[in-house]
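Okay, here's what each chain looks like letter by letter:
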Amino acid sequence: MINIKPNRQGLIKLFLITLSITTLINGILFTFNINQSFTNPVKAEYPLLPPSWMIGLIWTVLIGFMTYTYWLLVKKTRDQAILFLIPILFLNCVAYPLYSVGFTNDIIQLIGNLFTIAYAAYIAGKICSLTSLGSNLILAVAIWVMFATFATSKII
């Protein structure tokens, strides 16, 4: 586990780490043309979703929420099992474009979405006694993924 101090410098360090990882993943997506949303616009296929740039902005905010929640937990507990929950969620979310094969495998996307919803909801419940703000921030991840799952459903 990364040694993060429960102070402003620790928060800045944590944001720099998550920004670096997110940038690396995005670099891989664009370098190897894994992101198919440029050749197949999201809005055309899924009219309920906002434009691709807004989805990216939403995920940037949600990753910020995860980062801040982790920092709040560092301030509240030394329980490594609790502290390990958020990095798993973060890695699951940033790796999603990779394991869903550039958003092209519907079954893997659905499984990934359902896992993310359940896991984020579990974390929100698990940490609510430590930080209600952090719990609500993680719940926002579950709510967004529920909406995205509904919006990309082939049923509608």
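Structure shown above.
S.K.: Any chance you could explain the packing of aromatic side chains here in plain terms?
M.R.: One pair of aromatic rings is described through two measures. These are the centre distance and the angle between the planes. For the coordinates displayed, the defined rule picks out 5 aromatic pairs. With 5.7 Å between their ring centres and 35° between their planes, Tyr 68 and Trp 71 make a pair best called tilted. Of the two residues, Tyr 68 and Trp 71 are both situated in helix H3 (residues 52-76); the distance of 3 residues between them amounts to about one turn of the helix. Residue Tyr 68 is classed as partly exposed on the basis of its relative accessible area, which comes to 28%. A relative accessible area of 9% means that Trp 71 is categorised as buried. On the numbers, 5.4 Å between centres and 10° between planes, the contact of Phe 115 with Tyr 119 is stacked. Remark: Tyr 119 and Phe 115 occur in helix H6 (residues 106-127); sequence separation between them is 4 residues, near one turn of the helix.

S.K.: What exactly am I supposed to notice about H3 here?
M.R.: Along an α-helix, residues three or four apart share an orientation, since each turn contains 3.6 residues. For H3, built from 25 residues, the straight-helix expectation of 36 Å at 1.5 Å per residue is met to within 8% by its first-to-last C-alpha distance of 36 Å. Ile 55, Leu 62, Ile 63, Gly 64, Met 66, Thr 67, Thr 69, Tyr 70, Trp 71, Leu 72, Leu 73 and Val 74 are the residues of H3 that are buried.

S.K.: What is the right way to read the side chain of Asn 113 from this model?
M.R.: Structurally, the position occupied by Asn 113 is in helix H6. Looking at Asn 113, the relative accessible area reads 9%, which means it is buried. Engagement of the side chain of Asn 113 in a polar contact is seen with the side chain of Thr 149, the distance being 3.0 Å. If we ignore the near neighbours within four places in the chain, the residues touching Asn 113 are Tyr 96, Val 145 and Thr 149.

S.K.: Help me understand the nonpolar core, please; the structure alone is not making it clear to me.
M.R.: For soluble globular proteins, the rule of thumb is that nonpolar side chains tend to be buried together. The biggest cluster of nonpolar side chains holds 36 residues, and the ones touching the most others in it are Met 66, Tyr 70, Ile 86, Leu 89, Ile 123, Ile 138 and Val 141. Broken down by secondary-structure element, the contributors of at least two residues to this core are helix H1 (8-31), H3, helix H4 (80-83), helix H5 (85-99), H6 and helix H7 (132-151). If you tally residues by element for this core, the top one is H3, at 9 residues. Among residues more than four places away in sequence, those in contact with Met 66 are Trp 59, Ile 86, Leu 89, Phe 90, Cys 93, Ile 138 and Val 141.

About the cut-offs
Residues numbered from 1 in each chain as written. Predicted model: local features only at pLDDT ≥ 70, side-chain atom pairs only at ≥ 80, totals over all residues. Heavy atoms only, no water. Phe/Tyr/Trp six-rings, centres within 6.5 Å; stacked < 30°, edge-to-face > 60°. Helix = DSSP H or I, 4+ residues; strand = E, 2+ residues; numbered from the N terminus. Buried < 20%, exposed > 50% of the residue type's maximum accessible area, 1.4 Å probe, protein only. Expected span 1.5 Å × (residues − 1). Polar contact = N/O pair within 3.5 Å; in protein donor to acceptor, adjacent residues only side chain to side chain. Contact = heavy atoms within 4.5 Å. Core = buried A, V, L, I, M, F, W, Y, C linked by side-chain atoms within 4.5 Å.

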